[in-house]
Amino acid sequence: MTTPTFAETLTALLYRQKLTEAQGAALLGVPVHTLRKWTTGQRVPSAAAVRLIDVVLTLEAIDRKSTRLNSSH
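Here the structure is a predicted model, which is why all the values come from computation and not from measurement.

Draft legend 1. Representation of the pattern of salt bridges in the model. Taken as a whole, this structure holds three salt bridges when the rule is applied. For R16, the salt bridge goes to E60, with nearest N and O atoms at 2.7 Å. With R16 in helix 1 (residues 6-16) and E60 in helix 4 (residues 47-71), this pair connects stretches of sequence that are 44 residues apart. Classification of R16 by relative accessible area gives partly exposed; the value is 38%.

Pasting the structure below:
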């Protein structure tokens with residue numbers, strides 16, 4: 001199994017959260033064209049942007065775990 005690229009990870013995150021490109025760009029504080037370049041692999045984000053997306057992914061995972069725990073009661 002290969003590790004997904006940053007573009008694949010970001011695209012999947014936007015899809016799971018049901019975010020448009022405009023919403024995702026606003027959430028990350030970047031222009032839509034920058035987000036589009038990231039999701040197509042045309043541009044690599046800064047380390048700070050990658051870290052921010054890592055935090056969003058972590059929060060998403062915590063939320064999923066919390067939802068599963070709460071639904072088991």
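Draft legend 2. Geometry of the packing of helix 1 against helix 3 (residues 32-40). Between helix 1 and helix 3, the shortest axis-to-axis distance is 6 Å and the interhelical angle comes to 120 degrees. Relative to helix 3, helix 1 is oriented oblique. Each of F6, A7, L10, T11 and L14 in helix 1 lies in contact with helix 3, whose residues at this interface are L35, W38, T39 and T40. Its residues assigned to classes, the contact of helix 1 with helix 3 shows six nonpolar, three polar and no charged.

About the thresholds
Residues numbered from 1 in each chain as written. Predicted model: local features only at pLDDT ≥ 70, side-chain atom pairs only at ≥ 80, totals over all residues. Heavy atoms only, no water. Salt bridge = Lys/Arg side-chain N within 4 Å of Asp/Glu carboxyl O. Helix = DSSP H or I, 4+ residues; strand = E, 2+ residues; numbered from the N terminus. Buried < 20%, exposed > 50% of the residue type's maximum accessible area, 1.4 Å probe, protein only. Axes fitted to C-alpha atoms, helices over the stretch in contact; angles between N-to-C directions. Parallel < 35°, antiparallel > 145°, perpendicular 65-115°, else oblique. Contact = heavy atoms within 4.5 Å. Nonpolar A, V, L, I, M, F, W, Y, C, P; charged D, E, K, R; others polar.

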